Amino acid sequence: MSLRIGPDGLARCAWVGDDAEYRRYHDEEWGRPLHGDRALFEKMSLEGFQAGLSWITILRKRPRFREVFAGFQPEVVAAYGDDDIERLMADAGIIRNRAKILATIGNAALVRDMAPGELDAFMWSFAPEPRPRPASLEEVPATTAASDAMSKALRKAGFRFVGSTTMYALMQSSGMVDDHVDGCHRAHPPAEA
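All of the points below concern the structure found in this document. Here the structure is a predicted model, which means the values were calculated and not measured. (Residues numbered from 1 in each chain as written. Predicted model: local features only at pLDDT ≥ 70, side-chain atom pairs only at ≥ 80, totals over all residues. Heavy atoms only, no water.)

A word on the overall build of the protein chain. Across its full length, the protein chain holds nine helices and two strands. Each helix and strand of the protein chain, ordered N terminal to C terminal, gives the series β-β-α-α-α-α-α-α-α-α-α. Against the globule reference of 16 Å for 193 residues, the protein chain gives a C-alpha radius of gyration of 17 Å, in line with a compact fold. A total of 193 residues make up the protein chain; the buried ones form 47% of that total. Sequence separation of 24 or more characterises 66% of the internal contacts of the protein chain that already satisfy a separation of 6 or more. In the protein chain, 24 positive and 28 negative side-chain charges are present, and the distance between their average locations comes to 3 Å. (Helix = DSSP H or I, 4+ residues; strand = E, 2+ residues; numbered from the N terminus. Rg over C-alpha atoms; globule rule 2.2 N^0.38 Å. Buried < 20%, exposed > 50% of the residue type's maximum accessible area, 1.4 Å probe, protein only. Contact = heavy atoms within 4.5 Å. Lys, Arg positive; Asp, Glu negative; His and termini not counted. Charge placed at Lys NZ, Arg CZ, Asp CG, Glu CD.)

Set out below in structure tokens:
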């Protein structure tokens, strides 16, 4: 089953399930073009924290992630030291994974050292040409040649927790690809501003 009818009568991609926050995320964020170095750094970081977990877990913890990571301002996060790492490791409001925390801090330093707009332009350079809308969830890939290339380029630049599956999830959530399945009420959105 690729579609699910919500309590509001709207058809959505079935992965949304019955969770109200997931419905809001699907309807208002997922698949809409996202731009800006800070916004894409946040998305990269959260997708990295999600690796091995469900996205709803990250979505529910996102407000706390934003608090403890200073709104994902790269210049602030890049300056985090040992005391900050220990503070983050003790915070039950986020995912307490040392490797992911260290990757976020290291990735922030890389973004901080880029020219304004460079991360945005770099990541969007991997956005593939639009492809036919998936008819079912089974047609939605976990990785693509574009996510493989983005992952490889990011790793070469020193970024961590940016595997191909993670980067494809980022491409979906930031609107670089549109994987709303046919019949989803977001499958044919009005023109984006």
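Now for the pattern of salt bridges. The full count for this structure, using the stated rule, is 17 salt bridges. The residue Arg-112 makes a salt bridge to Asp-113 at a minimum N-O spacing of 3.0 Å. Overall, Arg-112 belongs to the partly exposed group, its relative accessible area being 41%. Among the ionic contacts, a cluster of salt bridges with common partners joins Glu-21, Arg-24, Glu-28, Glu-29 and Arg-62. (Salt bridge = Lys/Arg side-chain N within 4 Å of Asp/Glu carboxyl O.)

Here we come to the environment of Gly-6. Mapped onto the fold, Gly-6 is located in the loop between strand 1 (3-5) and strand 2 (11-13). C-alpha of Gly-6 to C-alpha of Ala-20: the two residues are 14 residues apart in sequence and 9.3 Å apart in space.

Across the interface, helix 5 (residues 82-89) lies against helix 6 (residues 98-112) with an axial gap of 10 Å and an inter-helix angle of 135°. Classified by the interaxial angle, the pair formed by helix 5 and helix 6 is oblique. Of the two possible hands of crossing, helix 5 and helix 6 adopt the one that is right-handed. Mapping the contact onto sequence places Ile-85, Glu-86, Leu-88 and Met-89 in helix 5 and Arg-98, Ile-101, Leu-102 and Ile-105 in helix 6. (Axes fitted to C-alpha atoms, helices over the stretch in contact; angles between N-to-C directions. Parallel < 35°, antiparallel > 145°, perpendicular 65-115°, else oblique. Left-handed = near helix turned anticlockwise from the far one by under 90°.)

Considering the arrangement of structural elements, one finds Asp-91 in the loop between helix 5 and helix 6. In terms of polar contacts, Asp-91 uses its side chain to reach the side chain of Arg-64, at 2.5 Å. Of note is the side chain of Asp-91, whose polar atom sits 2.7 Å from the backbone nitrogen of Gly-93. Those residues in contact with Asp-91 that lie beyond four places of it in its chain are Arg-64, Val-68 and Arg-96. (Polar contact = N/O pair within 3.5 Å; in protein donor to acceptor, adjacent residues only side chain to side chain.)

So, about the state of the cysteines. Inspection of every chain in the model, using the stated rule, returns zero disulfides. Residue Cys-13 stays outside any disulfide, its sulfur separated by 3.9 Å from that of Cys-184, the closest cysteine. With relative accessibility at 0%, the residue Cys-13 sits in the buried group. Overall, Cys-184 belongs to the buried group, its relative accessible area being 4%. (Disulfide = S-S within 2.5 Å.)

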